[in-house]
Amino acid sequence: MEKVYDVLILGAGPAGLTAGLYAGRSGLSAGILEQGQDGGQIANTMAVENYPGQCLDGESGTSLAARMAAQAEQFGAARIQDTIQAAELQGQIKRLTGLQGEYLARAVIIATGASPRPIGCKNEAEFVGKGLSYCATCDGPLFRNRAVYVVGGGDAAVEEAVYLAKFAREVTVIHRRDRLRAAKSIQERAFQHPRIRFLWDTVVEAVDGDGVLSAMTVRNTKTGERRSIAASPADGLFGLFGYVGLLPNTALFQGVLNLENGYLVTDGRMKTNLPGVFAAGDVRAKSLRQVVTATADGAIAAVEAEKYLHG
Ligand code: NAP
């Protein structure tokens, strides 16, 4: 007979791992499903500075996620590596179908997070991995002593620009307005950095190159003026990092769960519109997307799942 978990948690970012910890600690049989690496977006972040207590030297997003995963496992949460392709969430027994198998549970916590939004320029897909990236931690070191551009003006863009300046000869932040959205403390660090400069009121329209990224067309949003930016002949290429926000990973739930701008709608107890189905973390419609709010959501979702299961 197929195993029926008390609760299956979709996603092993901070929200999912915390839900696993709380579910395990309260004696539920819990499984955490993940298709890639643990940590979600913090796996691509060099430093997490604003999670309380996370101020140890040499700590990265990956090591924080690894400790969260170990803690969830210590309390009995099972780990399942699979890519879920279909979710039947309506009945009392929920069925998740993955590439490797089927998984059943009485309750489900969706913590699938969000993924980088494409910049939206011409030829973008062609140059991903050939100079264009959405992960400074992964690809920044490839651009040691080269020119690097970062698109966006939010926390992620500005924080990652500061990180990239450790390797790059110069970092240019390309932002569509003349003011950053990032938190003031993050902005200050970038403004004070001698190798970071800003290209205001500018968007990237197209990227180009012969096999690797070596040219792009940018447009001034105020004047409409277009110009080309080319790699220096000595470099032959430059790096372009897209940090223009996130797209929630909710494709599986469209038409089944209530969405708002693509994000899952829950109440304060993390309940979706279906009984026994909860959502936590960045995938949820909410005002503040941080590790601390994701972990809080995960804890609430697991406690509410336990209440749902035990009446
Ligand atoms: P974000 O806050 O949504 O910022 C996206 C940025 O990209 C904005 O500056 C936006 O410009 C720009 N943008 C959006 N679409 C664009 C387009 N098509 N072309 C050019 N620019 C475009 O996204 P994020 O920085 O990825 O952050 C996501 C969430 O994670 C936020 O809630 C953020 O606070 C959180 N986060 C927190 C930290 C931290 O606390 N240390 C670090 C990283 C992320 P406009 O400003 O003109 O809208």
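Right above here is the structure, for reference.
The rules we used
Residues numbered from 1 in each chain as written. Predicted model: local features only at pLDDT ≥ 70, side-chain atom pairs only at ≥ 80, totals over all residues. Heavy atoms only, no water. 1 Å grid on protein atoms, 1.4 Å probe; cavity = no way out; pocket = protein on both sides within 12 Å on 5 of 7 lines; lining within 4 Å. Points joined across faces, edges and corners; volume = space filled by probe spheres on them. Helix = DSSP H or I, 4+ residues; strand = E, 2+ residues; numbered from the N terminus. Nonpolar A, V, L, I, M, F, W, Y, C, P; charged D, E, K, R; others polar. Pairing = 2+ DSSP bridges. Axes fitted to C-alpha atoms, helices over the stretch in contact; angles between N-to-C directions. Core = buried A, V, L, I, M, F, W, Y, C linked by side-chain atoms within 4.5 Å. Buried < 20%, exposed > 50% of the residue type's maximum accessible area, 1.4 Å probe, protein only. Contact = heavy atoms within 4.5 Å. Salt bridge = Lys/Arg side-chain N within 4 Å of Asp/Glu carboxyl O.

S.K.: Where do I start with the layout of surface pockets in this structure?
M.R.: Space left empty within the atom packing is revealed by a probe, the size of a water molecule, rolled over the atoms. There is about 390 Å³ of room inside the second largest pocket. Along the wall of the second largest pocket there are 18 residues; nearest its centre are M46, A47, E49, K166 and R189. When residues in the lining of the second largest pocket are grouped by element, the largest group, four residues, is from helix α5 (residues 155-164). For the lining of the second largest pocket, the residue count by class is seven nonpolar, four polar and seven charged.

S.K.: What is the right way to read the sheet that holds strand β13 (residues 215-220) from this model?
M.R.: Backbone-to-backbone hydrogen bonds join strands into a sheet, with any given pair of strands oriented parallel or antiparallel. Strand order in the open sheet made by the three strands is β12-β13-β14, with antiparallel pairing throughout. Looking along the sheet, the strands with just one partner apiece sit at the ends: β12 (202-208) and β14 (226-230). Mean inter-strand twist for the sheet, computed between neighbouring axes without regard to direction, equals 25°. Pairing between β13 and β14: five bridges, direction antiparallel. Along β14, the bridge assignment pairs M216 with I229.

S.K.: Before we go on, may I ask you to explain the environment of L104 in this structure?
M.R.: Within the element layout of this structure, L104 appears in strand β6 (residues 102-110). The sequence separation of L104 and R284 amounts to 180 residues, and the corresponding C-alpha distance is 23 Å.

S.K.: For this particular structure, what's the right way to read the nonpolar core?
M.R.: Side chains of nonpolar character tend, in soluble globular proteins, to be buried together. Counting residues in each nonpolar core, the largest one holds 30 residues, and the members touching the most others are V7, I32, I109 and F278. At the level of secondary structure, the elements contributing two or more residues to this core comprise β1 (4-10), α1 (14-25), β2 (30-34), α2 (61-74), β6 and α7 (291-309). Residues within four places of I32 in sequence aside, it is in contact with I9, G11, A12, G16, L17, G20, A72, A77, A78, R79 and I80. Listed in part, the 24 residues of the second largest apolar core include V171, I186, A190 and F198.

S.K.: Explain the sheet that holds strand β10 (residues 170-174) here, please?
M.R.: In spatial order, the strands read β8-β15-β9-β10-β11; together these five strands make up an open sheet with parallel pairing. Looking at strand neighbours, the two that pair on one side only are β8 (132-133) and β11 (196-199), the edges of this open sheet. Judged from the two bridges that link them, β8 and strand β15 (residues 239-242) form a sheet pairing that is parallel. Its bridge partner lying in β15, L132 is registered against L240.

S.K.: Hey, could you run me through the pattern of salt bridges in this one?
M.R.: A side chain with one charge may pair with a side chain of the opposite charge, provided their charged atoms come close. Taken as a whole and judged by the stated rule, the model has 15 salt bridges. With a closest N to O distance of 2.5 Å, R95 and E102 form a salt bridge. Given a relative accessible area of 26%, R95 falls into the partly exposed group. Two residues, K286 and D297, come together in a salt bridge whose shortest N-O distance is 2.9 Å.

S.K.: What should I look at first to understand the pairing of strand β4 (residues 84-88) in this one?
M.R.: Working note: regular strand, side chains alternate between the two faces of the sheet. Two elements, β4 and strand β5 (residues 94-98), share four bridges in a ladder whose sense is antiparallel. Bridge pairing links I84 to G98 in β5. Between β4 and β5, which pair antiparallel in sequence order, lie five residues.

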